[in-house]
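# Geometric and topological summary
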Amino acid sequence: YQQSQFREALETFQSVLVIVRAIGERKGEGAALHYIGEVYRRLEQYPKASEYYQQALAIVKAIGDKAQEGTTLNNLGRVYDSLEQYPKALDYLQQALTIAQAIGDKAGERTTLN
């Protein structure tokens, strides 16, 4: 992923997803789904990115991982911005900003405001 080899990264993250699901590791499952969404976003396959981010969001909400919830909401905002669905993008970004402010995540706050 860091080397922009997105097809290879996608295969790796999908393998990780199978493993974390098999062992019932919810945080890892949420992270794998998020990264799959991130790869699809980087490949400009926005509907697929949204699908995986939504799955990740459901998990991070369920386990109470506020920091990851904010990041995922921010990335959903980016997806909908790219799709020129600005009201939806703004809704996700406002949710992300609220979380960043609530947990004192200044970097997350800055990213979302940008």
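Summarising the element assignment, E69 is placed in helix α4 (residues 66–82). Beyond its immediate chain neighbours, meaning those up to four positions away, E69 contacts L57, V60, K61 and I99.

In this section: helix α3 (residues 46–63). Think of an α-helix as turning once every 3.6 residues; residues three or four places apart then point the same way. Compared with an ideal rise of 1.5 Å per residue, which puts 18 residues at 26 Å, α3 spans 26 Å between its outermost C-alpha atoms and is within 8% of the ideal. Every buried residue belonging to α3 is among Y46, A49, S50, Y52, Y53, A56, L57, I59 and V60, and all of these are buried. Looking at the buried positions of α3, the neighbouring elements they touch are α2 (26–42) and α4. Looking one or two places after α3, you find G64, whose phi comes out positive at around 75°.

Turning to the pattern of salt bridges, a few remarks are in order. By the definition in use, this model includes six salt bridges. Linking R21 and E29 is a salt bridge whose minimum nitrogen-to-oxygen distance equals 2.8 Å. Assessed through its relative accessible area of 42%, R21 is described here as partly exposed. With a closest N to O distance of 3.4 Å, E69 and K66 form a salt bridge. Within this pair, E69 and its partner K66 are both found in helix α4, separated by three residues, close to a single helical turn. Relative accessible area serves as the criterion here: at 8%, E69 is assigned to the buried category. Taking relative accessible area as the criterion, K66 reaches 41% and is therefore assigned partly exposed. Where salt bridges share partners, they join R21, R26 and E29 into one cluster.

Another point: the packing of α2 against α3. Here α2 crosses α3 at 160°, and the two axes come no closer than 8 Å. Between α2 and α3, the angle is such that the two are roughly antiparallel. Our pair here, α2 against α3, has a crossing hand that is left-handed. From α2, R26, K27, E29, G30, L33, H34, I36, G37, E38, Y40 and R41 reach across to α3, where they touch Y46, K48, A49, Y52, Y53, Q55, A56, I59 and I63.

What counts and how
Residues numbered from 1 in each chain as written. Predicted model: local features only at pLDDT ≥ 70, side-chain atom pairs only at ≥ 80, totals over all residues. Heavy atoms only, no water. Helix = DSSP H or I, 4+ residues; strand = E, 2+ residues; numbered from the N terminus. Contact = heavy atoms within 4.5 Å. Expected span 1.5 Å × (residues − 1). Buried < 20%, exposed > 50% of the residue type's maximum accessible area, 1.4 Å probe, protein only. Salt bridge = Lys/Arg side-chain N within 4 Å of Asp/Glu carboxyl O. Axes fitted to C-alpha atoms, helices over the stretch in contact; angles between N-to-C directions. Parallel < 35°, antiparallel > 145°, perpendicular 65-115°, else oblique. Left-handed = near helix turned anticlockwise from the far one by under 90°.

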